[in-house]
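# Per-entry structural report
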Amino acid sequence: MEEGKLVNDKGIRVDGRRVDELRPIKLEAGVLNRADGSAYIEWGKNKVLAAVYGPREAHPRHRQDPARALVQCRYNMAPFSVSDRKRPGPDRRSVEISKVISEAFSHVVLREQFPRATVDVFMEVLQASAGTRCTALTVAAVALADAGIPMRDIISSCAFGKADGQVILDLDKAEDNEGQADVPIAIVPRTNEIVLLQMDGHITKEEFDSGLKMAVDACHRINEMQRDALRRRYSVTADTHEAVKAISEGV
Amino acid sequence: MSHSSDSRKDEPPKEKKLVFPGDELAVSEEYIAGEGTLDERGKIYASTVGIVELDSKERVLRVKAFNPPVMLKNGDDVIAVVSGTRESMGTADVVQVEGRERSVSGDTNGSIHVSKVSSSYTKSVKGEFYIGDIIRAKVISIDPSLQLATTGKRYGILRGYCTQCRLPMTMKGNLLYCESCDSTDRRKISSDYGDTWVETEKNKKHREHMDKKEVP
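First, a word on scope: everything that follows refers to the structure included in this document. (Residues numbered from 1 in each chain as written. Chains lettered and ligands numbered in written order. Predicted model: local features only at pLDDT ≥ 70, side-chain atom pairs only at ≥ 80, totals over all residues. Heavy atoms only, no water.)

### Here's the deal with the packing of helix α1 (residues 92-106) of chain A against helix α2 (residues 132-146) of chain A
Between two packed helices, the angle of one axis relative to the other and the distance separating the axes together describe the packing. Residues and elements named next belong to chain A. Convention followed: Note on definitions: angles span 0 to 180 degrees between N-to-C directions of axes, and those axes are lines fitted to C-alpha atoms, for helices only across the stretch in contact. Counting from the N terminus, the helices are the DSSP runs of H or I reaching at least four residues and the strands are the DSSP runs of E reaching at least two. Orientation labels follow simple angle bins: below 35 degrees gives roughly parallel, above 145 gives roughly antiparallel, 65 to 115 gives roughly perpendicular, and whatever is left gives oblique. Left-handed describes a crossing whose near helix is turned anticlockwise from the far helix by less than a right angle; the clockwise case is right-handed. The contact criterion used throughout is that any non-hydrogen atoms of two residues lie within 4.5 Å. Amino acids are sorted into nonpolar (Ala, Val, Leu, Ile, Met, Phe, Trp, Tyr, Cys and Pro), charged (Asp, Glu, Lys and Arg) and polar (every other residue, Gly among them).
As a packed pair, α1 and α2 sit with axes 11 Å apart at the nearest point and diverge in direction by 45°. Taken together, the axes of α1 and α2 are oblique relative to one another. Crossing of α1 against α2: the hand is right-handed. In this structure, α1 uses Arg93, Glu96, Ile97, Ile101, Ala104 and Phe105 to contact α2, whose residues at the interface are Thr132, Arg133, Ala136, Leu137, Ala140, Ala141 and Leu144. Of the residues assigned to the contact of α1 with α2, the class counts are nine nonpolar, one polar and three charged.

What follows is the structure, encoded as C-alpha cells:
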C-alpha cells in the first residue's frame, strides 16, 4: 500500500477491509448481575459496556412527565479509553452524544406505558477507536431489549464517511482523523426510519446517498447480530427454566 | 361475540417461539394485541423479547417476557418502608414486590388508611407503625392513588425499630421489645417478624445452596 493512502486502487483500506465492510463485531447480552438489562460489545477496537435500569420513579420529581417515561442516557468515556488520558466526567462531546442517543431511543421505547417513570441507560466506553457513538447506541439497544423494556424495534447504528475521495463504511481511527467526512446514523430496521444522523466534514449529495444506502444495509446486518446476542442469552435461560421446572415437578 | 360461528379450526399449539422487539406476529384481524405486543397499522408486532403465547379461546396474542418490568397491580404483596404516620392514615414507600428482583416502576408512594391496618378496630395509625418500619402489605388500589392494606396475619411489620435508640427490635410474645432500652411496643406485627427471607427467582438458588451447606 502506498504511503499515506487510506484506500488503494483496488478499493482496499489500510486495515484490509473493502469499502463496504464493517469491522469485526462481538456482542453479548446479559453481562451484569445487578442491572435490569445489560450488554457488552467489541466493535473493532471499541469496547463498550451498557447497563439499563428501570422503568423506575424519576427523580427529581419536577422532571417527571405525567404522560410518559423519560429515557435518560449517559455516555461516558473511561479515562483510560483513549491514548491521552481523558479527564473524567461529562464534557461537551459526551453530553451531546448522550442527548442524541437518548432522543434516538425515545422514538422506539413505548414510553406511554410508564408514566412518571424513567428508563436509565448507561454506556461506558472502555476503549475508544472511532465510531463510539454508534457502538454505544448499538449495545444500549441490546441492553434495553434485555431489560424487557417495550420497544417498537431494536435500533441499530453505523457510520459512513469519505476518505481519499471514496465513500466508505464504518470508519476506523485513521479514516476518521484524516478522511473528509464522517456520518454516523441510526435506524429503526423494520421501517428504515432514521433516528440519528450527524455529519462532520464535506460530502456531495451523490456520495451522501450512496453512503447512506451502504450504512442502512450495514445496520440491517448489525441488527441480525443484536438479535443473535439476545437469542444466545435467552436460549440459555429458556433451557434452565425448563430444567428447573422439570426437576421441581419431579419429571 | 360468538366463537362457535368461527368455522376456522384453531391452530395446533405451536412450539415455543422466541421473538424480538419489532418482529411481525400477526395481523390485527387475527388476534387482540395483548401484553408484550403492539398494534401498528393493522399488524401486531412483538415489543419485548419473549415467548409467543396464543390464547386461541380469547384470541389474544401475548409475548411473555423473561424478566418484565415490575408494575404494581391489585393483590400484589409488597415490601414497603413506613415514611409517615397520622391519626387516620399512614404512608409507606414500596421497595419491592415479593418474589421479584427488579425495582418497582411507577408510583411507589402508598398510603394505608386506619381501617385497613388490621382486621380488628384500630384507633390510630400512630402506634401501629413507626417511621422506618419495614412492612409487608397488600396492594388494594392503584388508581387514582396507591393504597395498601395490612389486614391479615401475614401482613404488618417485618422489622421494627425502637423509637428511642433506632435499633431493630425483637419479638416478645405479641409485642416488640428493645433490648438496649428495655422498652416494649404494641404494633401491627406480621406473623413472620424477624429475619424474613424475601425470595426471588435469583436468590432462590442461593438459599438452596446455603441450606445444603449448613447440613454437616
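The structure having been displayed, the exposition proceeds.
### Side note on the pattern of salt bridges
Quick reminder of the rule: A carboxyl oxygen of Asp or Glu within 4 Å of a side-chain nitrogen of Lys or Arg is what we treat as a salt bridge. Burial here depends on accessible area, computed with a 1.4 Å probe over protein chains only, as a share of the maximum for the residue type. Under 20% is buried, over 50% is exposed, and the range in between is partly exposed.
Under the defined criterion, the tally for this structure stands at 38 salt bridges over all chains. In this structure, A:Lys205 and A:Asp209 form a salt bridge, with 3.1 Å as the shortest nitrogen-oxygen distance. Within this pair, A:Lys205 and its partner A:Asp209 are both found in helix α4 (residues 205-248), separated by four residues, close to a single helical turn. Note on A:Lys205: relative accessible area 59%, which makes it exposed. Among the salt bridges present, the one from B:Asp133 reaches B:Arg187, with a minimum N-O distance of 2.9 Å. Linking B:Asp133 in the loop between β12 (109-113) and β13 (134-141) with B:Arg187 in the loop between β18 (183-185) and α1 (201-214), this pair joins segments that are 54 residues apart in sequence. In this structure, B:Asp133 and B:Arg187 share a single accessibility class: buried. Within this structure, A:Arg13, A:Asp15, A:Arg17, A:Arg23, A:Asp170 and A:Glu175 form a network of salt bridges that share partners.

### With respect to the sheet that holds strand β16 (residues 170-172) of chain B
All names here are of chain B. Heads up, the condition is: A pair of strands counts as paired when DSSP detects no fewer than two bridges linking them.
Strand order in the open sheet formed by three strands is β16-β17-β18, with antiparallel pairing between adjacent strands. Looking at which strands have only one partner, the edges of the open sheet turn out to be β16 and β18. Each strand axis lies, on average, 40° off the axis of its neighbour in the sheet, ignoring direction.

### Considering the sheet that holds strand β5 (residues 117-127) of chain A
All names here are of chain A. Taken together, the five strands give an open sheet; going across it, the order is β1-β2-β3-β5-β4, and neighbouring strands pair in mixed fashion. Taken across any chain shown, the strands that pair with only one partner, and hence form the sheet edges, are β1 (25-29) and β4 (70-77). For this sheet, the mean angle separating the axes of adjacent strands, direction not counted, is 15°. Sheet topology note: the β4/β5 ladder contains eight bridges and is parallel. Counterpart to glutamine 72 in the pairing with β5 is aspartate 120. The strands that α1 touches are β4 and β5; relative to β4, the one it contacts most, it runs at about 145°. Of the strands in this sheet, β1, β2 (37-43), β3 (46-57), β4 and β5 touch α2, which is tilted by about 150° from β2.

### Examining α2(A)
Residues and elements named next belong to chain A. Just so we agree on the cut-off: Here, expected helix span is obtained from the residue count minus one, scaled by 1.5 Å.
With 15 residues, α2 extends 21 Å between its outermost C-alpha atoms, agreeing within 8% with the 21 Å of an ideal straight helix rising 1.5 Å per residue. When you tally the buried positions in α2, you get 15 out of 15 residues, the bulk of the element. Where α2 ends, the next residue or the one after it, glycine 148, has phi of about 70°, a positive value.

### Quick word on the interface of chain B and chain A
Our working rule: Simply put, the buried area is the total loss of 1.4 Å probe accessible area from both parts when two parts are fitted together. Counted as a polar contact is a pair of N or O atoms within 3.5 Å, where, for protein atoms, one must be capable of donating a hydrogen and the other of accepting one, and residues adjacent in sequence contribute only when both atoms are in side chains.
In this assembly, 27 residues from chain B lie in contact with 30 residues from chain A. When the two sides are added together, the surface that chain B and chain A hide from each other amounts to roughly 2400 Å², 54% of it contributed by carbon and sulfur. For chain B, the biggest contributors to the area lost against chain A are B:Phe20, B:Phe66 and B:Arg102; these three give 23% of the whole. For the pair chain B and chain A, the number of links is four salt bridges. The partner of B:Arg102 in a salt bridge is A:Asp36, with the nearest N and O atoms 3.6 Å apart. If you look at where chain B meets chain A, you find 10 residue pairs in polar contact (both at pLDDT 80 or more). Classifying every residue of the side of chain B that touches chain A gives 11 nonpolar, nine polar and seven charged.

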